[in-house]
Amino acid sequence: MKLFLNRCKQALKKLYSVEPRQELIRILICAGLFLLALIIQARGVATEWNGIVAQMQVILSVYMTVRSPKAGFTTAVVMNLLASVLTAGAVLIERDMTIFPGIIIPLCTIITLSVISTFHHRLIWELEESEQRKIELQSLYEKLAANEQELIGQNRLLKEYNKIMQDHEKELHYRAFFDPLTELQNRGKFQERIAQAILEAKLQNHGVALMMIDLDLFKSVNDEAGHAVGDLVLQDVGRRLVSCVRERDVAYRIGGDEFTVLLENFSEQQDVRHVAERILTAMSEPFVIENNKFIIGASIGISVFPDDGEDARTLMKKADDAMYAVKRNGGNDWSFGDSGSTEGR
């Protein structure tokens, strides 16, 4: 018996220890009122008020269950069981069936409290589940937001990388096909273009002229003023060549002090002679670099498709031979490759 009482004491202590102090006070007050009503019923005081007293007991039971789903519900069940047992004892002792409803009402109240407690627990469980889902969704949202930021960062890095690669590709293309000093197209681009120009000329039945240009006295500039000044002269040569050719023609630097001009889609050789004269005049003008004046001049050899050849290699050889023929004759002139002799000035 002592062991049973100790276990009951521990169970009650565990049950009520989790409740806030104010809730315990409310439960004790309600339990006190319930017991007071029970005493009133047991003594038969003011029996005409028994219905109101019973309703008050039901209200107190519901209130305790709602306010405290564990301790309040347990207290209310115990109080109603006590009321039902006491009433049943009174019925057996006094054999008065008029007080039999006093047994039924507490039992019905217990059933009602059980339903309320069940729904209350289910509601609490659903609220907790809802809160847990809310937390999980919030966590998922934060992860998605973090992933989105990471993707944005990766996308930004990818764009920067693509831009770097595009710039690098442009730089490689420029280095592959352009001379960095004069900004003219280089030998590789010239060889690519002349082959294409010859093919177009065959299909469209028009002429192509190739000019090989060598600067006559450029070596003396490097020897006297240095390579830095020589580079400035080459840059000026590139600008003068661009100003002399037609808009659809292209000047190239193929190495050192050697340049070429590719003239496409001309109808008469007189057009080629005019361009050659303009270039020769431009190259004969003094180059003024850092208050120094240099007279350089140029030798120009010209070959024409299809008269001098029908492939790039032949045209380049004929133009080169004509250029060297001009240099042997003193330079600063131009010549067509079909005769190898000077036809200029």
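Check the entry above for the structure.
All values reported here derive from a predicted model rather than from experimental measurement.

*Asks:* Can you help me understand the sheet that holds strand E2 (residues 250-255) in this one?
*Replies:* Strand pairing within a sheet occurs via backbone hydrogen bonds; the two strands may be parallel or antiparallel. Spatial ordering of the open sheet is given by E2-E3-E1-E6-E7, a layout of 5 strands whose pairing is mixed. The open sheet has two edge strands, E2 and strand E7 (333-336), and neither has a second partner. Put simply, the sheet's adjacent strands are angled 20° from each other on average, direction ignored. With 4 bridges joining them, strand E6 (residues 298-305) and E7 adopt parallel strand pairing.

*Asks:* Explanation requested: helix H10 (residues 312-328) in the structure shown.
*Replies:* Helical geometry: 3.6 residues make up each α-helical turn, so side chains three or four residues apart lie on a common side. For H10, spanning 17 residues, the distance from its first C-alpha to its last is 24 Å, which sits close to the expected 24 Å at 1.5 Å a residue. Among all positions of H10, only Ala 312, Leu 315, Met 316, Ala 319, Ala 322, Met 323, Ala 325 and Val 326 are buried. Buried residues along H10 sit in contact with helix H6 (187-204), strand E1 (207-215), E6 and E7. At the N-terminal boundary of H10, the capping side chain belongs to Asp 311, with an oxygen 3.2 Å from the backbone nitrogen of Arg 313.

*Asks:* Could you clarify how one ought to interpret the side chain of Glu 264 in this entry?
*Replies:* You can see Glu 264 is positioned in strand E3 (residues 258-266). Judged by relative accessible area, Glu 264 falls into the buried class, the value being 11%. Sequence-distant contacts of Glu 264, that is, excluding residues within four places in its chain, are made with Arg 193, Ala 197, Glu 200, Gly 207, Arg 246, Arg 248 and Asp 249.

*Asks:* What is the right way to read the pairing of E1 from this model?
*Replies:* Along any regular strand, the residues point their side chains to alternate faces of the sheet. Counting buried positions along E1 gives 9 out of 9 residues, so the element sits mostly inside the fold. Burial along E1 is two-sided: Gly 207, Ala 209, Met 211, Ile 213 and Leu 215 facing one way and Val 208, Leu 210, Met 212 and Asp 214 facing the other are all buried. Where E1 lies against E3, 8 bridges are found, and the strand directions are antiparallel. Residue pairing in the sheet places Leu 210 in a bridge with Leu 262 of E3. Pairing of E1 with E6, which is carried by 8 bridges, proceeds in the antiparallel orientation.

*Asks:* Looking at this structure, how should I read the pattern of salt bridges?
*Replies:* Opposite charge on two side chains permits pairing when their charged atoms draw close. Applying the stated criterion across every chain yields a total of 13 salt bridges. Across the salt bridge formed by Asp 179 and Arg 253, the nearest N and O atoms sit 3.1 Å from each other. Taken together, the positions of Asp 179 in the loop between helix H5 (101-177) and H6 and Arg 253 in strand E2 put the pair 74 residues apart, joining distant regions of the chain. Classification of Arg 253 as buried rests on a relative accessible area of 14%. One salt bridge in this structure joins Asp 216 and Lys 327, with 3.2 Å as the shortest N-O distance. Remark: Lys 327 occurs in helix H10 and Asp 216 occurs in the loop between E1 and helix H7 (218-225); sequence separation between them is 111 residues. Its relative accessible area of 28% is what places Lys 327 among the partly exposed residues. Here the residues in one salt-bridge network are Arg 193, Glu 200 and Glu 264, joined through shared partners.

*Asks:* Just to check I follow, could you spell out the pairing of E7 for this structure?
*Replies:* Residues Asp 333 and Ser 335 line one face of E7 and the alternating positions Trp 334 and Phe 336 line the opposite face, and both faces are buried. In this view, the connection linking E6 to its parallel neighbour E7 by way of H10 has left-handed handedness.

*Asks:* Help me understand unusual backbone geometry, please; the structure alone is not making it clear to me.
*Replies:* With glycine set apart, most residues show a phi of negative sign, and most peptide bonds adopt trans. The peptide bond linking Phe 305 to Pro 306 adopts the cis configuration, its omega dihedral lying at 5°. Checked against the element boundaries, Pro 306 lands in the loop between E6 and H10. Despite not being glycine, Asn 205 shows a phi value in the positive range, around 60°. With respect to the helices and strands, the residue Asn 205 is situated in the loop between H6 and E1.

Rules used throughout
Residues numbered from 1 in each chain as written. Predicted model: local features only at pLDDT ≥ 70, side-chain atom pairs only at ≥ 80, totals over all residues. Heavy atoms only, no water. Pairing = 2+ DSSP bridges. Helix = DSSP H or I, 4+ residues; strand = E, 2+ residues; numbered from the N terminus. Axes fitted to C-alpha atoms, helices over the stretch in contact; angles between N-to-C directions. Expected span 1.5 Å × (residues − 1). Buried < 20%, exposed > 50% of the residue type's maximum accessible area, 1.4 Å probe, protein only. Contact = heavy atoms within 4.5 Å. Polar contact = N/O pair within 3.5 Å; in protein donor to acceptor, adjacent residues only side chain to side chain. Salt bridge = Lys/Arg side-chain N within 4 Å of Asp/Glu carboxyl O. Right-handed = clockwise from strand over helix to strand, strands pointing away.

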